Amino acid sequence: KFDVTVDFDADASKLSLHFINKTNVKNFQQIFTKAEIAKITARCQLSMQHLYELIVDQLSSTEFIEQSCRVFVYGDAKQAMAKSTIFAQSTEVPSATSNVSDAVGDGDEGKLDDTMLNNVNDKPRAALLFVTHFNPSKYLHCNFCFVAPEKHLSDVDRFMIKFNEVQIENQQLKSENEQLKQGLDVITQNVQQLQQKMQSMQQQQNASKNENAQLQQKMQSMQQ
């Protein structure tokens, strides 16, 4: 459902996460500083480099994603941060059907980054919560939680995203068609070889029939 891009800038000590919903082309993005990563990994300390490698590894296969990664989308960053606080205190992978209703309450709101807050007159922006589970041993289990607010995409940006998706799909279809064509060519060659074998067998049968007929004629003439 989501295209995910993870970038790490070692020189600037920044980690960025970018999620694009392939269904509705909504865009969620956030850049995390070294200080913010230190807060996120406070329970299970990891360097930014190692955290980046962990996320990349866990996103590398469907099996790892199902085991260790969760994505939730909330109505605004406040709700996402509240749920992030709860998940960060847990030692288990969140349920994929977790409900936000139990997250927003007194004392559970967490701190909001200024870049995640909307202006008073702005329409509330949705926010994405990405949770990755880290269990280096049976005694240590942590959830690293990342909140990424929705970023506005212009019509041109949306068009280009869809255009690129269509190009990729077309390329995949061309590749599949080429494979189907190659498969069809192999089948056609096999059919032609079978037809040639059948013709050869038919010729052999006709030759055997002619030989049998000649033998019968000789036997009849000898009997006379």
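In what follows, the structure referred to is the one given above.
Rules used throughout
Residues numbered from 1 in each chain as written. Predicted model: local features only at pLDDT ≥ 70, side-chain atom pairs only at ≥ 80, totals over all residues. Heavy atoms only, no water. Disulfide = S-S within 2.5 Å. Helix = DSSP H or I, 4+ residues; strand = E, 2+ residues; numbered from the N terminus. Buried < 20%, exposed > 50% of the residue type's maximum accessible area, 1.4 Å probe, protein only. Pairing = 2+ DSSP bridges. Axes fitted to C-alpha atoms, helices over the stretch in contact; angles between N-to-C directions. Contact = heavy atoms within 4.5 Å.

A. Region of the structure containing the state of the cysteines. The final tally for this structure, using the stated rule, is 1 disulfide. Here Cys44 engages in a disulfide with Cys142; their sulfurs sit 1.3 Å apart. Of this pair, Cys44 sits in the loop between helix H1 (34-40) and helix H2 (48-58) while Cys142 sits in strand E6 (residues 140-151), placing them 98 residues apart in sequence. For the pair Cys44 and Cys142, a shared accessibility class is recorded, and that class is buried.

B. Quick peek at the sheet that holds strand E1 (residues 2-9). On the basis of which strands lie adjacent, the open sheet formed by 6 strands has the order E1-E2-E3-E6-E5-E4 and antiparallel pairing. The outermost strands of the open sheet, each flanked by one partner alone, are E1 and strand E4 (69-74). Strand-to-strand twist of the sheet, defined as the mean angle between neighbouring strand axes without regard to direction, takes the value 25°. For E1 and strand E2 (residues 14-21), the ladder comprises 8 bridges, and the chain directions are antiparallel. For Val6, the partnering residue across the bridge sits in E2 and is Leu17. Strands in contact with H2 are E1, E2, strand E3 (27-33), E4, strand E5 (127-137) and E6; relative to E1, the strand with the most contacts, it is inclined by about 160°. Running at roughly 175° to E6, helix H4 (residues 77-89) makes contact with E4, E5 and E6 of the sheet.

C. Inspection of the pairing of E3 at higher detail. As defined by bridge partners, E2 adjoins E3 across 7 bridges and the pair is classed as antiparallel. Looking at the pairing, Ser16 lines up with Ile31 of E3. Linking E2 back to E3 in an antiparallel pair, the connection comprises 5 residues, with Val25 at a positive phi of about 60°. By the bridge criterion, 2 bridges tie E3 to E6 in an arrangement that is antiparallel. Along E6, the bridge assignment pairs Phe28 with Glu150.

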